[in-house]
Amino acid sequence: MRPEILRGFLHSAQIFTSTVRDVLGEKLLRETTRYDLSLPQVELLRLIELNGDHQIRDIACFLGVSRAGASKNVDKLVRLGLLTRTVQDRDRRAMSLDLTTRGRNLVARYEDHKRHRLTQVLDQLPAADVAALARGLEQVSLLILKQEDELGDLCTKCGAYYSVNCPLRDLADGCIYARMEKGEAGAAASRRVGARAG
């Protein structure tokens, strides 16, 4: 590939990533809530809204932090009244996390605000172009990940945008949803997630 095409791609990818993170993520979060929350913490709330049964390992992987860091994040969200936490009897390492009414309202406001802002932008483009862009982003991500020898606990943090047809989820042990499909309890949880997300 010609160097100028590669540089142009990296330039555009960086701008897109930063815009999504900083404008559709951080800025909207500040406009949505009075709580001192990080974007990963709100993404964790979205994940828990889909399925609250998790081991601390799952949360650490999703947040990209240590298990101690994951516990601190959960503690903060519980302390703020956004989550409730119950240790599961069948597996002491696992916990059930549920959003409180306050937590559900925060996630709903944030997602509504983001959907409104993004709709204003994307409505200016033909729907076919938006669909092609989404497919292109997924294909490039898939090709990059397929080149890696060891993905380990990689989590692409699709969160509330999880899709049962996602080609990325089978690439790494880090996909919380792929792990949930192993075993009966996990499969049932995954079906609940699929029904809510689909």
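From a predicted model like this one, the values you see are computed outputs, not experimental measurements.

**Q** Sorry, what's going on with the sheet that holds strand 2 (residues 83–87) here?
**A** Taken in spatial order, the three strands of this open sheet run 1-3-2, and their pairing is antiparallel. Every other strand in the sheet has two partners, leaving strand 1 (53–55) and strand 2 as the edge strands with one partner each. Here the strands of the sheet are splayed against their neighbours by 35° on average, with no regard to which way each runs. Across three bridges, the pairing between strand 1 and strand 3 (residues 94–99) is antiparallel.

**Q** Help me understand the pattern of salt bridges, please; the structure alone is not making it clear to me.
**A** For side chains of opposite charge, pairing can occur when their charged atoms come near one another. Inspection of the entire model under this criterion finds nine salt bridges. The shortest N-O distance in the salt bridge between aspartate 75 and arginine 85 comes to 2.6 Å. Taken together, the positions of aspartate 75 in helix 4 (residues 67–79) and arginine 85 in strand 2 put the pair 10 residues apart, joining distant regions of the chain. Where glutamate 111 meets lysine 114, a salt bridge forms, and the shortest distance between an N and an O atom there is 3.9 Å. In this pair, glutamate 111 and lysine 114 are both assigned in helix 5 (residues 101–122), three residues apart and thus about one turn of the helix distant. Neither residue differs from the other here; glutamate 111 and lysine 114 are each classed as buried. A single network of salt bridges, built from pairs that share partners, joins Lys27, Glu31 and Arg117.

**Q** Even after reading the chapter, I still don't get the pairing of strand 3, so can you show me in this structure?
**A** Moving residue by residue along a regular strand, the side chains alternate between the two faces of the sheet. Counted residue by residue, strand 3 has five buried out of six residues, so it is predominantly covered. Sheet topology places strand 2 next to strand 3; five bridges connect them, and they run antiparallel. The residue of strand 3 that forms the bridge with threonine 84 is aspartate 98.

**Q** Explain the environment of threonine 84 here, please?
**A** Considering the arrangement of structural elements, one finds threonine 84 in strand 2. The spatial distance from the C-alpha of threonine 84 to the C-alpha of valine 74 is 9.2 Å, given a sequence separation of 10 residues. When neighbours within four sequence positions are excluded, threonine 84 is seen to be in contact with Ser96, Leu97, Asp98 and Thr100.

Rules behind the numbers
Residues numbered from 1 in each chain as written. Predicted model: local features only at pLDDT ≥ 70, side-chain atom pairs only at ≥ 80, totals over all residues. Heavy atoms only, no water. Pairing = 2+ DSSP bridges. Helix = DSSP H or I, 4+ residues; strand = E, 2+ residues; numbered from the N terminus. Axes fitted to C-alpha atoms, helices over the stretch in contact; angles between N-to-C directions. Salt bridge = Lys/Arg side-chain N within 4 Å of Asp/Glu carboxyl O. Buried < 20%, exposed > 50% of the residue type's maximum accessible area, 1.4 Å probe, protein only. Contact = heavy atoms within 4.5 Å.

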